[in-house]
Amino acid sequence: MDRIAGDSNTEGGTASGGGNDRLYGGEGNGSLVGDSHSTFLAGDVAGAGDDVLKAGPGRELVIGDSEGRNASGDGGDDVLYLGPGGGAAAGDHNTTGNASGAGDDLIRDGNESSILIGDSAADGSATAAGDDDVQGLGGDDLLFGDNSNVAATIGLAGGDDRLDGGTGNDALFAGPAADSLDGGAQTDSCDGEGGTDTFARCEAVSGSP
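This one's a predicted model, so the numbers in the text were calculated from it and none came from an experiment. (Residues numbered from 1 in each chain as written. Predicted model: local features only at pLDDT ≥ 70, side-chain atom pairs only at ≥ 80, totals over all residues. Heavy atoms only, no water.)

## What about the nonpolar core?
Thinking step 1. Membership of the largest hydrophobic core comes to 18 residues, with the highest contact counts inside it found for V62, A89, L116, L143 and L172.
Thinking step 2. In this structure, V33, I63, A90 and I117 belong to the second largest nonpolar core, which totals seven residues. (Core = buried A, V, L, I, M, F, W, Y, C linked by side-chain atoms within 4.5 Å. Buried < 20%, exposed > 50% of the residue type's maximum accessible area, 1.4 Å probe, protein only.)

## Overview of the sheet that holds strand β23 (residues 198–200)
Pairing between the strands of a sheet comes from backbone hydrogen bonds, and it takes one of two forms, parallel or antiparallel.
Thinking step 1. Pairing within the open sheet is parallel, and its eight strands lie in the order β4-β8-β12-β15-β17-β19-β21-β23. Two strands bound the open sheet, and with one partner strand each, they are β4 (22–24) and β23. Each strand of the sheet is rotated relative to its neighbour by a mean of 5°, with strand direction disregarded.
Thinking step 2. Both strand β21 (residues 180–182) and β23 contribute to a ladder of three bridges, which runs parallel. Bridge pairing in β23 places D182 opposite A200. (Pairing = 2+ DSSP bridges. Helix = DSSP H or I, 4+ residues; strand = E, 2+ residues; numbered from the N terminus. Axes fitted to C-alpha atoms, helices over the stretch in contact; angles between N-to-C directions.)

## Concerning the pairing of strand β13 (residues 87–90)
Thinking step 1. Summarising the sheet, strand β9 (residues 60–63) and β13 pair through four bridges and their orientation is parallel. When the bridges of β13 are listed, L61 appears paired with A88.
Thinking step 2. As paired elements, β13 and strand β16 (residues 114–117) share four bridges and run parallel to each other. Across the sheet, the residue bridging to A90 is I117, located in β16.

## Some details on the packing of aromatic side chains
Thinking step 1. Within the structure shown, the criterion is met by one aromatic pair.
Thinking step 2. Centroid distance F144 to F173: 5.2 Å. Interplanar angle 15°. Geometry classified as stacked. Of this pair, F144 sits in strand β18 (residues 142–144) while F173 sits in strand β20 (residues 171–173), and the two are 29 residues apart along the sequence.
Thinking step 3. With relative accessibility at 2%, the residue F144 sits in the buried group. (Phe/Tyr/Trp six-rings, centres within 6.5 Å; stacked < 30°, edge-to-face > 60°.)

## Quick word on unusual backbone geometry
Thinking step 1. Residue N111 is not a glycine yet carries a positive backbone phi of 75°.
Thinking step 2. Tracing the chain through its elements places N111 in the loop between β15 (106–108) and β16.
Thinking step 3. Positive phi, normally seen in glycine, also occurs at R201, with a value near 50°.
Thinking step 4. Following the sequence through the fold, R201 ends up in the loop between β23 and β24 (204–206).

## A closer look at the pattern of salt bridges
Thinking step 1. The final tally for this structure, using the stated rule, is four salt bridges.
Thinking step 2. Here R69 ties to D44 by a salt bridge, and the two come within 3.0 Å at their closest N and O atoms. Residue R69 is located in the loop between β10 (67–68) and β11 (71–72), and its partner D44 is located in the loop between β6 (37–38) and β7 (45–46); the two are separated by 25 residues in the primary sequence.
Thinking step 3. In this structure, R201 and D182 form a salt bridge, with 2.9 Å as the shortest nitrogen-oxygen distance. On the criterion of sequence distance, the pair formed by R201 in the loop between β23 and β24 and D182 in strand β21 is long-range, its members being 19 residues apart.
Thinking step 4. The class for D182 is buried, based on a relative accessible area of 19%.
Thinking step 5. In the salt-bridge network here, residues are joined through shared partners; they are D133, R162 and D164. (Salt bridge = Lys/Arg side-chain N within 4 Å of Asp/Glu carboxyl O.)

## Observations concerning the environment of A102
Thinking step 1. Relative to the helices and strands, A102 is located in the loop between β14 (94–95) and β15.
Thinking step 2. Taking the C-alpha atoms as reference, A102 lies 15 Å from V33; in sequence the two are 69 residues apart.
Thinking step 3. What A102 contacts, discounting residues up to four positions off in sequence, is G73, D74, G75, D92, D119, A128, A129 and G130. (Contact = heavy atoms within 4.5 Å.)

## Considerations on a negative patch on the surface
Thinking step 1. On the surface, D50, D77, D104, D131 and D160 cluster together into a patch of negative charge.
Thinking step 2. One can find D77 in the loop between β11 and β12 (79–81).
Thinking step 3. By relative accessible area, which is 41% here, D77 ends up partly exposed. (Patch = residues over 30% accessible without salt bridge, like charges linked within 9 Å, V, L, I, M, F, W, Y side chains within 5 Å. Areas by Shrake-Rupley, 256 points an atom, 1.4 Å probe, with all protein chains shown as cover. Lys, Arg positive; Asp, Glu negative; His and termini not counted. Charge placed at Lys NZ, Arg CZ, Asp CG, Glu CD.)

## What about the sheet that holds β11?
Thinking step 1. Read from one edge to the other, the open sheet built from three strands follows the order β3-β7-β11, with strand pairing classed as parallel. Of all strands in the sheet, those with a lone pairing partner are β3 (15–16) and β11, marking the two edges.
Thinking step 2. Judged from the two bridges that link them, β3 and β7 form a sheet pairing that is parallel. Across the sheet, residue A15 finds its bridge partner in β7, namely V45.

Written out as structure tokens, the structure is:
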């Protein structure tokens, strides 16, 4: 599996750095990390630039900012495109611990079933959220407007996000802010998670005050 980082890359140690980068993935499975990266998520990382990441064919992981054990950095305003094979994408950091910092990101699916997270993917705490545009074009997608560990939205931080499921049977989780949720075609579930939200084309709605 190829792994490309826009700035610092370390074999398990700490890494820092966050410039404004453009990364393009080739054929096959792999991952793109916009800023600093620690292999096996073993070291702490810092850095967040305004990056453009475009995955190639294959099922890929695309991270807008830094990836490591714990990640910090204000959060860049990133543009992330999954390729035709789909995969997973997070607009900000990806960690096995805690994440801080969030930008206003655009995340777009690649017409296959994917996991799309507007802010950080973290097992620990995540303390910031941007105003993100998350678009699931095709396939049965799982969309999060804010921070997530995939099983649940993390923390109380929430941005004003736009979630569009596109075609397929999708699940949308907005987060704690004023969000717009559009399930798109087919059968979709939309959870506002307590924010002041608007809903369209959602066959099942929950979490609305």
